[in-house]
Amino acid sequence: VETITGGTGADTITLAAAITAGTIDLAAGTDSLTLGAFANSATVSNVETLTGGSAADTITLATTLTGMTVNLGAGADTLVLGNFANTGTLQNVETITGNADVDTITLSTIITAGVVDLNGGTDVLTLGNFANTLTVSD
């Protein structure tokens, strides 16, 4: 399945196969998406809890990151924030790309060999209380 569209209720989706260049919009409700243990790539909208698999996931957010829980799990994961003012706490994301708006990001797990580029805007990056190793720009 390459496209998943949710309804108005609280959708809980677990992917049992890899998704490549997928589009997932779970619409209204308090929705949860769990990616399979594969290298996944998708554009995601209206998901309140996003959990990655054990491989390298590449996720692009098409809606704002506000009040959302993101834990992409194991693997060299990439998260591209939507072109909005994003505020969120991230876990297990190794590459984070922001946008021209204001992004306020907190990392709640250790980041090693990470790359964070929040692009334009007056951005705020808060690291967890760990021995973090990362490259930060903009």
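Residues numbered from 1 in each chain as written. Predicted model: local features only at pLDDT ≥ 70, side-chain atom pairs only at ≥ 80, totals over all residues. Heavy atoms only, no water.

Overview of the overall build of the protein
Line of reasoning, step 1. Each helix and strand counted, the protein has 0 helices and 15 strands in total.
Line of reasoning, step 2. The C-alpha radius of gyration computed for the protein amounts to 14 Å, which stays within 12% of the reference 14 Å derived for 138 residues, consistent with globular compactness.
Line of reasoning, step 3. Overall, the protein is about 35 × 25 × 25 Å in size when its C-alpha atoms are taken along their principal axes.
Line of reasoning, step 4. Looking at the protein as a whole, 38% of its 138 residues qualify as buried.
Line of reasoning, step 5. A separation of at least 24 residues holds for 2% of the contacts in the protein among residues at least 6 apart in sequence.
Line of reasoning, step 6. Accessible surface, the protein as shown: approximately 6,300 Å² in total, 56% of it carbon and sulfur. (Helix = DSSP H or I, 4+ residues; strand = E, 2+ residues; numbered from the N terminus. Rg over C-alpha atoms; globule rule 2.2 N^0.38 Å. Buried < 20%, exposed > 50% of the residue type's maximum accessible area, 1.4 Å probe, protein only. Contact = heavy atoms within 4.5 Å. Areas by Shrake-Rupley, 256 points an atom, 1.4 Å probe, with all protein chains shown as cover.)

Comments concerning the side chain of Asn-40
Line of reasoning, step 1. Locating Asn-40 in the fold gives a position in the loop between β4 (32-34) and β5 (41-45).
Line of reasoning, step 2. Polar contacts involving the side chain of Asn-40 include one to the main-chain amide nitrogen of Ile-19, which spans 3.1 Å.
Line of reasoning, step 3. In this view, Asn-40 contacts Ala-17, Ala-18, Ile-19, Leu-35, Ala-56, Asp-57 and Thr-58; residues no more than four positions away in its chain are not counted. (Polar contact = N/O pair within 3.5 Å; in protein donor to acceptor, adjacent residues only side chain to side chain.)

Overview of the sheet that holds β4
Line of reasoning, step 1. Spatial ordering of the open sheet is given by β2-β4-β6-β8-β10-β12-β14, a layout of 7 strands whose pairing is parallel. Every interior strand has two partners, whereas the edge strands, β2 (12-14) and β14 (124-126), have only one. Averaged over neighbouring strand pairs, the angle between their axes works out to 10° when direction is ignored.
Line of reasoning, step 2. Pairing between strand β8 (residues 66-71) and strand β10 (residues 86-91): 4 bridges, direction parallel. Residue pairing across strands places Val-70 opposite Leu-90, the latter belonging to β10. (Pairing = 2+ DSSP bridges. Axes fitted to C-alpha atoms, helices over the stretch in contact; angles between N-to-C directions.)

Considerations on the sheet that holds strand β3 (residues 22-25)
Line of reasoning, step 1. An order of β1-β3-β5-β7-β9-β11-β13-β15 is seen for the 8 strands of this open sheet, with the pairing classed as parallel. Only two strands of the sheet have a single partner each, and these edge strands are β1 (3-5) and β15 (134-137). Between one strand axis and the next, the sheet turns through 10° on average, direction left out of account.

Concerning the nonpolar core
Across soluble globular proteins, you tend to see nonpolar side chains buried next to one another.
Line of reasoning, step 1. With 27 residues, the main nonpolar core has Leu-33, Leu-50, Ile-59, Val-70, Leu-79 and Leu-90 as its most contacted residues.
Line of reasoning, step 2. Of all elements in the fold, only β5, β7 (58-61), β8 and β12 (103-107) reach the threshold of two or more residues within this core.
Line of reasoning, step 3. In this view, Leu-90 contacts Leu-65, Val-70, Leu-79, Ile-96, Ile-105, Thr-106, Leu-107, Ser-108 and Thr-109; residues no more than four positions away in its chain are not counted. (Core = buried A, V, L, I, M, F, W, Y, C linked by side-chain atoms within 4.5 Å.)

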